[in-house]
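An overview of the molecular structure
Given next are the chains, with one letter for each unit.
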Amino acid sequence: MLFAGRGGKGARRLLLSLLLLAAWEAGSGQIHYSVPEEAKHGTFVGRIAQDLGLEVAELVPRLFRVVSKVRGDLLEVNLQNGILFVNSRIDREELCGRSAECSIHLEVIVDRPLQVFHVGVEVRDINDNPPVFRAREQRLFIPESRLLDSRFPIEGAADADIGTNALITYTLSPSDYFSLDVQASDEMSKSLSLELRKSLDREETPELQLLLTATDGGKPVLEGTVQLLITVLDVNDNAPLFAQAVYRIHLLETTANGTLVITLNASDADEGVNGEIVFSFGSDVTLNIKKTFKIDSSLGEIRLIGGLDYEETKSYEIQVKAVDKGSPPMSNHCKVLVKVLDVNDNAPELVVTSLSLPVREDSPLSTVIAFISLSDRDSGVNGQVTCTLTPHVPFKLVSTFKNYYSLVVDSSLDREKVSVYKLVVTARDGGSPSLSTTASVSVDVADVNDNAPTFAQPEYTVFVKENNPPGCHIFTVSARDADAQENALVSYSLVERRVGERALSSYVSVHAESGKVYALQPLDHEELELLQFQVSARDAGVPPLGSNVTLQVFVLDENDNAPALLPPPPGPGGGAGAVSQLVARSVGAGHVVAKVRAVDADSGYNAWLSYELQAAAGAARSPFRVGLYTGEISTTRALDEADAPRQRLLVLVKDHGEPALTATATVLLSLEDSGQAPKASSRASTGAAGAEAAVVDVNVYLIVAICAVSSLFVLTLLLYTALRCSAPPSEGSCGPGKPRLVCSSAVGSWSYSQQRRQRVCSGEGPPKTDLMAFSPSLSPGLNPSEGNEHAEAKSDLSGNPRQPNPDWRYSASLRAGMHSSVHLEEAGILRAGPGGPDQQWPTVSSATPEPEAGEVSPPVGAGVNSNSWTFKYGPGNPKQSGPGELPDKFIIPGSPAIISIRQEPTNSQIDKSDFITFGKKEETKKKKKKKKGSKTQEKKEKGNSTTDNSDQ
């Protein structure tokens, strides 16, 4: 653009000034606009969104809003285009009075993220107020005797505008007697007076009327007028005179009431009444001055009667009039200027706005929580305010603008540790002494789902009796979540898996809210001894967190299975149901002629079987008896010709459950003369003897091998445990504790731990529970009490252990069972029964005649309590063994295996195949008895019984 002449230079200067102003505003950090007062509604002020760097499209989503300390409806922002416009009438004089600077301070706040901007809008003055006189007319009384050049003060006009618009010039209507004299005592303060130019003559001109016009310097020019009514008086020629035309006084705003401000001194040249002066405030003195000061009419003393406040009024201009008592009275005026000095008497003002509460506990650092604005009505150092925060963590104050602070997050938050912070913000000024103001801010920390539900322990063990009713409550799991509200609402569910061929949910269910675990169907100990599953606990947070707990449900056995008779092996004399056997009449007393075999699907006492021979009604005493626990039928005396050739025996098989269940076996014995089958018996005897000798040799080697392997395994295990426990402790390492008893014999070394929950750790998998084993023999010289003491307090047994009978027989189940580990839920105490170590132990019949074929009855003879395993003797067996003999049978607690040991004289004719049995429950039982003690079932079992050969 080209500029010509002086006009071009002026335009360039204006452009340079605008560029400098824009650079200053950018450096100051605040946007400035200007608008003239009295602007119409909708007047454009500025493109505030563009100047703040905000997009117009994000004004509404970010909740763009404008906050003003003054009337909030003066300016408004169009959210559609981001333009700041005038919303209502702006009157600068009403807004700022006569202040030289007038601006509207706006706070522009947007959310997401929270930001604040400061905008200043300057209100420019326009010449909208004309000069105004206090009254429409002023009366002056001037004696005719006044000399030329005498001055008569008159009241000037006031203009509400500022600057050039308030610069008033006065003109007086033409007059021969008076001229206007204007004296400027200050920039905005002028003293007016009429100067006498021609002597007055009351008789010639008693009254004069003049027009005083006040014109301001605005564009367009505004003016005001007042009528001056002058009355010419006679006689009293001298008016009072002040020593000074203007008096200047400085007062602290804390000056007490009643303090003398100044004593005015005026004199009158007249004498008598015409020389007596009365002081008073001028007629133009405001009501505020009259409430603050008073003047003594005779002494001319001005005193303070009201409080001074620098923040409200910084100075006072008092017109004082001195009037004599002449007739007519004469007067004169002076001006007293009182300047108020500031004192630090105002505490800072503190305002907390735009609270973003509650604060999430995962809020990042420097997250803005609130804005704090400070102000102090004092000036200078007294108005300089600093802000502090207590406590300093985890928040801090950041200064964003002069006297504006942001409360931000300074370190990480954790609602589970501290849910509410009580903060104290203190604002203190720089006065002496300094004044302060405090504000309390309560910051609530909102919960975030950062804690998973936790169980009291990782695993629970539950014991449930079998045959439970469907839907019964078996256990309740409970997890605790440290979070709050929905993040702490825990729901429970099963961790689904397959249990055999069926889903876990077909066995148990868990209530989602209470955590109660229900059994959905009756449990069967014979089908499922241990049900292990996991329950998951999930909270309702987003995203949800969870954890699992393991439940081990042990199904306890009940006596719900009656003894089942085993069919006799195929062969001569074996029938389809009953046991049929040929017996030579030449056999002697105690000869075993037959054997009844039965098994019980239950375990423990419920599977401990006893056999009784039922005598027929009215029949003679039978020459046969049945072993109480073996089922072996033997002769009580030598048979003779008087005995019936066919003997029908009924054997009652009964378990030890409560109530006891029974089964009946029928044994048919045919008595034959000894000469009819000698060859067959001889061949059978010879074959049996050869087989027994071969098996005994094999078993001796087998026993030696098993004991050697067991000893090596125990020594390795003890050495590994000692090395692990001596190493520095770490997670998962072995706890303290050591085996309390080790029993050894020529057969092998067996040990067990008395320590409750003693763990044997290995490098793989979780720690194992107690390993329990024991020697098959005890010292014959050790009584029961001594045995118990040795088992609890010593690691070895005193005395020489007795060697077992070398004629041992191990079944396939024994060989498999001795290589397996024994798991105990509760490590207990192994002790002898009430009869001591040599007490007669009950025996259990072998399941099959072949040692390799299989299965024998489950464990019997063990009494169970919560803290110990005790070998006891069943009822009906008072027989005591001789000194130095081994017990008939013992079991391994927690295992379905049993060990049966019998010792017979060397010349006994009892079959050695039943000497020792070791095995577990028979796999052949697949159907449970639906009705216990059913008479129909018993009849069927009696009808299917058959006899067996006596050599079995």
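Please read all numbers here as calculations on a predicted model, not as lab measurements. Counting from 1, residues in each chain are numbered in the order their sequence is written. In keeping with the predicted nature of the model, local features appear solely for residues at pLDDT of at least 70, side-chain atom pairs appear and are counted solely at 80 or more, and the whole-chain, interface and lining totals rest on all residues. The basis for every side-chain value is the complete set of non-hydrogen atoms in the structure, without hydrogens or water.

In this section: the nonpolar core. In this structure, Tyr492, Val508, Leu531, Phe533 and Val535 are the most contacted members of the largest nonpolar core, which totals 28 residues. We call a set of buried Ala, Val, Leu, Ile, Met, Phe, Trp, Tyr and Cys residues a nonpolar core when their side-chain atoms join them within 4.5 Å. Relative accessibility thresholds used throughout: buried, under 20% of the residue-type maximum; exposed, over 50%; partly exposed, between the two (1.4 Å probe, protein chains only). Tyr247, Phe281, Phe293 and Leu308 belong to the second-largest nonpolar core, a separate cluster that totals 27 residues.

Quick look at the state of the cysteines now. Two cysteine sulfurs form a disulfide in these notes if their separation is within 2.5 Å. Inspection of every chain in the model, using the stated rule, returns one disulfide. Across the disulfide, cysteine 96 is cross-linked to cysteine 102 (sulfur-sulfur distance 1.9 Å). On the sign convention where negative means left-handed, the S-S torsion of about 65 degrees between cysteine 96 and cysteine 102 marks this disulfide as right-handed.

Detailed reading of predicted coordinates is not advised where the pLDDT is low. Put simply, the chain has an average pLDDT of 74, and 69% of its residues get 70 or more. What pLDDT reports is the predictor's confidence in each residue, on a scale of 0 through 100. Pairs of residues are marked as contacts when any of their non-hydrogen atoms sit within 4.5 Å. Throughout residues 19-28 the model reports pLDDT below 50, and contacts reaching past four residues in sequence, or to other chains, amount to four contacts.

Next up on the list: unusual backbone geometry. In this model, threonine 390 is joined to proline 391 through a cis peptide bond whose omega is -5 degrees. By the criteria applied, helices consist of DSSP H or I runs no shorter than four residues and strands consist of E runs no shorter than two, each listed in order from the N terminus. Inspection of the secondary structure puts proline 391 in the loop between β27 (385-390) and β28 (395-401). The step from valine 542 to proline 543 runs through a cis peptide bond, and the omega angle for that step is -5 degrees. With respect to the secondary-structure elements, proline 543 resides in the loop between β41 (530-539) and β42 (546-556). For aspartate 149, which is not glycine, the phi dihedral falls at a positive 70 degrees. Residue placement: aspartate 149 occurs in the loop between β8 (137-143) and β9 (151-154). Classification of aspartate 149 as partly exposed rests on a relative accessible area of 44%.

Another aspect to go through is the sheet that holds strand β31 (residues 436-446). The four strands lie next to each other as β25-β31-β30-β27, forming an open sheet whose pairing is mixed. Each edge of the open sheet is held by one strand with a lone partner, namely β25 (359-360) and β27. DSSP calls a pair of strands paired once it identifies at least 2 bridges connecting them. As defined by bridge partners, β27 adjoins strand β30 (residues 420-429) across six bridges and the pair is classed as antiparallel. Paired with valine 385 across the two strands is aspartate 429, which belongs to β30.

So, on to the sheet that holds strand β11 (residues 178-184). Ordered by their spatial adjacency, three strands build an open sheet running β9-β12-β11, and the pairing between neighbours is antiparallel. Where the open sheet ends on each side, the last strands, each with one partner, are β9 and β11. Sheet twist, expressed as the mean angle between neighbouring strand axes with direction ignored, is 35 degrees. Pairing of β9 with strand β12 (residues 190-196), which is carried by four bridges, proceeds in the antiparallel orientation. Among the inter-strand pairings, arginine 151 is bridged to a residue of β12, identified as glutamate 195. Every axis corresponds to a line fitted to the C-alpha atoms, with the helix fit spanning only the stretch in contact, and the corresponding angles, defined between N-to-C directions, vary from 0 to 180 degrees.

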